[in-house]
Amino acid sequence: MNKTIKLALHGGVPARSRPLPPNFPGAVVMGTEEIEAAKRVIEAQSPFRYYGAQPQYAVRQLEQQIAGTIGVPYVLGISSGTAALIAALRAISIGYGDKVIVPANTFVATAGAVICCNAVPVFADIDDTLNISPEALEHAIDDEVKAVIVVPILGVPCDMDPIMEVARRYNIRVIEDVAQSCGVTYKGSYQGTIGDMGTFSFQMNKIITAGEGGAVMTRNAAWFERAVRYHDQGAFREKQWYGIDSIDEESEFAGQNYRMSDIIGGIMLEQWNKLQGLIVNMRRTHHDIRQMLTNQLPELQLRRSPDEAGDLGSNLGIILPDSVVANRFIEALHAENIQGHVLYRGQPIYKLPRIFEQRTVEKDNFPFNYPFRNPVRYRDGMCPNAESLIPRTVFVPISPILKPIDGEEIAEGIYKVFRAICSGNA
């Protein structure tokens, strides 16, 4: 590894001669397979999943493929990751008067989905995995909490054993929001299959993508039927396909339209078939970079994983002393033609004004107007680990199309920048 300290930011030679690929893992491997899949549906003049001139049933095939891979009986293709969360929450009967625990480090959709279900998010702190802390989860529980949403952020699994132990002890449901980490595993099980419900997102930034889309998964037939009905305005059109004896008609309810189109289903079927190859490539590059950095920079603090064998390898997390150093680190990395960023503008999600100030479109501050015995208030400092770690953790995305030389150059650039910035020579 090159030991030179002079940064490209200061006129040195960049570690890389050209920028890295854009951080869209699934999109950068799109090709003729996805084109042909969309073409088949369009030529059949049948983009609606349930019927048409010549239905292709691509969404149904996608659901079957996902279910077979991850090992659950019930999977529902849906219009987005947010819709998946809402349908999952509705499936387990979350509504007005309920609290749902959400990690402080997540995308706004996790908390927003809770609010859209007329419930109120309660935030739990994180640990050095950058995921929800099992200890903080337990501290956030009161008798008005009905569920927790856990989020494996950027390719590292949540520590599910202690999380599930806490949830079962307090009789709360567990939803796994696997939007950013499709394919991540924990002790050999796919995240999304360990808790009560799981969700994927297929939005543009995600591991595999059709621009938008998502999925809901569960082992519980009754909850699955509720999710299907909620996403299709109360209907359950394919009961026989799923092998479910339907609830009686008097138990039906009004729902939304969160249906996935068959064009999206066709594209996602091809993306799903590429997922394992993407993971193999990302894990290899991630492992190589970590190994080089560990050998050369033993003092470098990397993000911890509760199960490194299950990591996707989609992002390298570097924990720095403070946010000032992190911002300088990112600036210097960019000059070396290496991407780097902090999550969510360096803040826990509850710091967003619309969450912090509990703004909704409804009358009378609904659903925050519920007379909880323990009122929900958000304040600075309520999740100190999140407020400390998020602004000083730099993520370097690892593209699935990188070659070994790219990993070497990324490691060299990180080495240069760390030595310069953290030794005070920059």
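Before reading on, note that the structure itself is shown above.
Bear in mind the structure is a predicted one, so any value in this text is a computation, not a measurement. (Residues numbered from 1 in each chain as written. Predicted model: local features only at pLDDT ≥ 70, side-chain atom pairs only at ≥ 80, totals over all residues. Heavy atoms only, no water.)

Chemist: Looking at this structure, how should I read empty space enclosed by the protein?
Modeler: The rolling of a water-molecule-sized probe over the atoms marks out the regions of remaining empty space. All chains considered together, the criterion is met by two cavities of 30 Å³ or more. Looking at the largest cavity, its volume works out to about 90 Å³. Residue lining of the largest cavity: 15 residues in total, with Val-156, His-286, Arg-290, Arg-303 and Asp-311 positioned closest to the centre. Take the lining of the largest cavity: its biggest share by element is three residues, from strand E11 (residues 315–319). Residue composition of the lining of the largest cavity, by class: three nonpolar, seven polar and five charged. Considering only enclosed or pocket space, the second largest cavity measures out at about 40 Å³ in volume. Here the lining of the second largest cavity is composed, by residue class, of six nonpolar, three polar and no charged. (1 Å grid on protein atoms, 1.4 Å probe; cavity = no way out; pocket = protein on both sides within 12 Å on 5 of 7 lines; lining within 4 Å. Points joined across faces, edges and corners; volume = space filled by probe spheres on them. Helix = DSSP H or I, 4+ residues; strand = E, 2+ residues; numbered from the N terminus. Nonpolar A, V, L, I, M, F, W, Y, C, P; charged D, E, K, R; others polar.)

Chemist: Quick question: what am I supposed to make of the environment of Ala-227 here?
Modeler: Within the secondary structure, Ala-227 sits in helix H7 (residues 221–231). Each C-alpha atom of the pair Ala-227 and Asp-159 lies 26 Å from the other, and the pair is 68 residues apart in sequence.

Chemist: Any chance you could explain the pairing of strand E12 (residues 393–397) here in plain terms?
Modeler: Looking along a regular strand, one sees side chains alternate from face to face of the sheet. Within E12, five of the five residues are buried, which leaves it mostly tucked inside the rest of the structure. The alternating pattern of E12 places Thr-393, Phe-395 and Pro-397 and Val-394 and Val-396 on opposite faces, both of which are buried. As paired elements, E11 and E12 share five bridges and run antiparallel to each other. Considered in E12, the bridge of Asn-315 is made with Pro-397. (Buried < 20%, exposed > 50% of the residue type's maximum accessible area, 1.4 Å probe, protein only. Pairing = 2+ DSSP bridges.)

Chemist: How should the pattern of salt bridges be read in this particular structure?
Modeler: A side chain with one charge can pair with a side chain of the opposite charge if their charged atoms come near. Going through the model one piece at a time under the given rule, you end up with 31 salt bridges. A salt bridge links Glu-225 to Arg-229, with the shortest nitrogen-to-oxygen separation between them at 2.9 Å. Pair noted here: Glu-225 and Arg-229 are both in helix H7, with a separation of four residues, about one helical turn. Residue class for Glu-225 comes out buried when judged on its relative accessible area of 2%. (Salt bridge = Lys/Arg side-chain N within 4 Å of Asp/Glu carboxyl O.)

Chemist: Please explain unusual backbone geometry as it appears in this structure.
Modeler: Both trends apply: most residues other than glycine have a negative phi, and most peptide bonds are in trans. Residues Phe-366 and Pro-367 are joined by a peptide bond in cis, for which omega reads 5°. Within the element layout of this structure, Pro-367 appears in the loop between helix H11 (353–356) and helix H12 (384–389). A positive phi is found at Asn-171, a non-glycine position, where the angle reads about 60°. Within the fold, Asn-171 resides in the loop between helix H6 (160–170) and strand E5 (173–177). Note on Asn-171: relative accessible area 64%, which makes it exposed. Phi is positive for Lys-187, close to 50°, though the residue is something other than glycine. Summarising the element assignment, Lys-187 is placed in the loop between strand E6 (185–186) and strand E7 (189–190). With a relative accessible area of 56%, Lys-187 lands in the exposed category.

Chemist: Please clarify how the sheet that holds strand E10 (residues 301–302) should be interpreted in this entry.
Modeler: Where strands meet in a sheet, backbone hydrogen bonds hold them as pairs that are either parallel or antiparallel. Reading across from one edge, E10-E11-E12 is the order of the three strands in this open sheet, with antiparallel pairing throughout. Edge strands, defined here as strands with exactly one partner in the open sheet, are E10 and E12. The strands that helix H9 (residues 262–296) touches are E10 and E11; relative to E11, the one it contacts most, it runs at about 25°. (Contact = heavy atoms within 4.5 Å. Axes fitted to C-alpha atoms, helices over the stretch in contact; angles between N-to-C directions.)

Chemist: What's the story with the packing of aromatic side chains in this structure? I'm lost.
Modeler: Given two aromatic rings, their pairing is described by the distance between the two centres and the angle made by the two planes. All told, the structure shown has 16 aromatic pairs when counted by the stated rule. With centroids separated by 5.2 Å and ring planes inclined at 70°, the aromatic side chains of Phe-123 and Tyr-378 adopt a geometry described as edge-to-face. Taken as a pair, Phe-123 in strand E3 (residues 120–124) and Tyr-378 in the loop between H11 and H12 lie far apart in primary sequence, 255 residues in all. For Tyr-378, a relative accessible area of 9% gives the class buried. Clustering of aromatic rings is evident, with ring pairs tying together Tyr-74, Phe-224, Phe-236 and Tyr-242. (Phe/Tyr/Trp six-rings, centres within 6.5 Å; stacked < 30°, edge-to-face > 60°.)

Chemist: Any chance you could explain the layout of surface pockets here in plain terms?
Modeler: Taken as a whole, the largest pocket spans an internal volume of roughly 610 Å³. Around the largest pocket, the lining is made up of 27 residues, and of these Phe-107, Gln-180, Gln-203, Asn-205 and Lys-206 lie nearest the centre. Residue assignment for the lining of the largest pocket shows that the elements contributing at least two residues are helix H3 (81–91) and helix H4 (108–116). Here the element with the most residues in the lining of the largest pocket is H3; it accounts for three residues. When the residues that make up the lining of the largest pocket are grouped by side-chain class, the tally is 11 nonpolar, 13 polar and three charged. Counted as a void, the second largest pocket has a volume near 310 Å³. Lining of the second largest pocket is provided by 17 residues; of these, Val-122, Phe-123, Ala-140, Arg-377 and Met-382 occupy positions nearest its centre. Where the lining of the second largest pocket is concerned, the elements lending two or more residues are E3 and helix H5 (134–140). The residue makeup of the lining of the second largest pocket, split by class, is 10 nonpolar, two polar and five charged.

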